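Geometric and topological summary
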Amino acid sequence: MIGEHLDDIAIHITEAGIREIIEGTEGDVQAYHAEMNIMNGYGNPFTADVSFSPIRIRNEPCLIIQIHNIDDIRKAHNAVSQVNQKLKILASVTRHDILNRVMVISAYSDIIKEGITDPEMKKRIEAISKSSDEIRTLINFTGEYQELNSAEPAWQSPDAILARPLLRNMIPGISPDSSLEGLEIYADCLLEKVFYNLIDNSFRHGADVSKISLSYHLQSNGELIILYEDDGGGVSPEEKTQIFKKGFGKNTGMGLFLISEILSITGISISETGEHGKGVRFEIRVPAGMHRFVTKE
């Protein structure tokens, strides 16, 4: 194809502005890469992964253009996206219907319980009511879990998230003390739920928590560790490896499991390394390349 004009070969690039980009490529630009819709010699459109790099041949400026037909890959991707969207709608409708029926069970259980004097029968009704509450919790959790990776991960500021009224006012009289200004991490868009659940965990299990702090430090390998600490009771040694498992805990057993799942989407991990009796210490390990520091303009 050396020496051929783009319009004379079998593939005609028709993406708007492609010629301007090629002609405007500066000498210090090593390569340009884009996905675009182009047409083959028969006039049929297809999706292609196109890249071109400036080179010199006999001291003349030239371009190496590479066109990879990814039409089948893109069609398969779009088909999977459509299926996922339909499954998401089905799951949402199903959750709604189940919750409506659970609400009926719970309401009638309360009505029946009020008219029963037999202790044994009342105990059985209370068991039914408790089970309906647990079902409601599980169904609501499936809705939260479904939202994982529902949008592309993004660069987010933990400090800005912690400054939101919802998080600052979760525990009366206690506002998280953050030293994360300027830090951004690349994480799932549900990152707010990570900090919400950590603070909620301190509130529920901290035993008279009076202080919550967040800080960070960089490792020599480029990894960054965000520290979440409180001055509550902490976690017992035998529970440290269990608290992130689904269903483990004194409440729903879902909060810390959800935290771990949200962070893992972009390779971030979390562990508890505090000393029992002196408060929790959660270490959020952010790999190199998944964190950056920005300055306000």
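All residue numbers here refer to positions counted from 1 along the written sequence of the relevant chain. With the structure being a predicted model, the display of local features is reserved for residues of pLDDT at least 70 and the display and counting of side-chain atom pairs for 80 or more, all residues being used for whole-chain, interface and lining totals. With hydrogens and water set aside, each side-chain value is computed from the structure's full complement of heavy atoms.

Here we look at the overall build of the chain
Heads up, the condition is: Numbering goes from the N terminus for both helices and strands, where a helix is a DSSP run of H or I of at least four residues and a strand is a run of E of at least two. Here the term buried applies to any residue with accessible area under 20% of the maximum for its type, exposed to any over 50%, and partly exposed to those in between, with areas from a 1.4 Å probe on protein chains only. Only heavy atoms matter for contacts: two residues are in contact if any of them lie within 4.5 Å across the pair. Accessible surface area values rest on a Shrake-Rupley calculation with a 1.4 Å probe, where residue burial reflects the displayed protein chains alone.
A tally of helices and strands in the chain yields 7 helices and 11 strands. In the chain, buried positions account for 31% of the 297 residues. Taking contacts inside the chain between residues at least 6 apart in sequence as the whole, the part at least 24 apart equals 61%. Carbon and sulfur atoms provide 53% of the accessible area of the chain, an area that totals close to 18400 Å².

Structural notes on the nonpolar core
Test applied: Only buried Ala, Val, Leu, Ile, Met, Phe, Trp, Tyr and Cys residues count toward a nonpolar core, and they belong to the same one when joined by side-chain atoms within 4.5 Å.
By size, the foremost hydrophobic cluster in this structure holds 39 residues, and its most contacted members are L198 and F282. Residue assignment for this core shows that the elements contributing at least two residues are helix 4 (158–162), strand 6 (183–187), helix 6 (191–205), strand 7 (212–218), strand 8 (224–230), helix 7 (255–264) and strand 10 (281–286). Considering every element that reaches this core, the biggest residue donor is helix 7, with 6 residues. Those residues within four positions of F282 in sequence are excluded, and the remaining contacts are L198, N201, I226, L227, Y228, I243, F244, L256, I270, S271 and E272. By size, the runner-up hydrophobic cluster in this structure holds 6 residues, among which are M36, I38, A48 and V50.

A closer look at the sheet that holds strand 4 (residues 154–156)
The following threshold applies: Any two strands with at least two DSSP-identified bridges between them are counted as paired. All axes here are fitted lines through C-alpha atoms, helices being fitted over the stretch that makes contact, and every angle between N-to-C directions spans 0 to 180 degrees.
A sheet is described by the order of its strands in space; here 3 strands give the open sequence 4-6-11, paired in antiparallel fashion. Where the open sheet ends on each side, the last strands, each with one partner, are strand 4 and strand 11 (291–293). Shown here is a sheet whose adjacent strand axes are inclined to one another by a mean of 30°, direction ignored. As paired elements, strand 6 and strand 11 share 3 bridges and run antiparallel to each other. Bridged to I185 within strand 11 is H291.

Let's talk about the pairing of strand 6
By the criterion of burial, strand 6 is predominantly enclosed, with 4 of the 5 residues buried. Here strand 4 pairs with strand 6 via 3 bridges, running antiparallel. Each residue of the ladder has a partner; that of W155, found in strand 6, is Y186.

Here's the deal with the side chain of E184
What counts, and what does not: Throughout this description, a polar contact denotes any pair of N or O atoms lying within 3.5 Å of each other; where both atoms belong to protein, one of them has to be capable of donating a hydrogen while the other can accept it, and for residues adjacent in sequence the pair is counted only when both atoms sit in side chains.
For E184, the location among the structural elements is in strand 6. For E184, a relative accessible area of 15% gives the class buried. Of note is the side chain of E184, whose polar atom sits 2.8 Å from the side chain of R292.

Overview of the pattern of salt bridges
As a reminder of what qualifies: Each reported salt bridge corresponds to a side-chain nitrogen of Lys or Arg within 4 Å of a carboxyl oxygen of Asp or Glu.
Inspection of the entire model under this criterion finds 12 salt bridges. A salt bridge links R124 to E120, with the nearest nitrogen and oxygen atoms 4.0 Å apart. Separated by 4 residues within a single helix, R124 and E120 lie in helix 3 (residues 119–146), roughly one turn from each other. Relative accessible area serves as the criterion here: at 42%, E120 is assigned to the partly exposed category. Across the salt bridge formed by R281 and E229, the nearest N and O atoms sit 3.4 Å from each other. Here R281, found in strand 10, pairs with E229, found in strand 8; they are 52 residues apart in sequence, far enough to count as distant. Connected through salt bridges with shared partners, the residues E223, E229, R281, E283 and R285 form a single ionic network.

As for the pairing of strand 1 (residues 32–39)
Looking at chain direction, strand 1 and strand 2 (residues 45–57) are connected through 8 bridges and run antiparallel. By the bridge assignment for strand 2, M36 is matched with A48. Taking the residues between adjacent antiparallel strands as the criterion, strand 1 and strand 2 are bridged by 5 residues, where G43 takes a positive phi near 80°.

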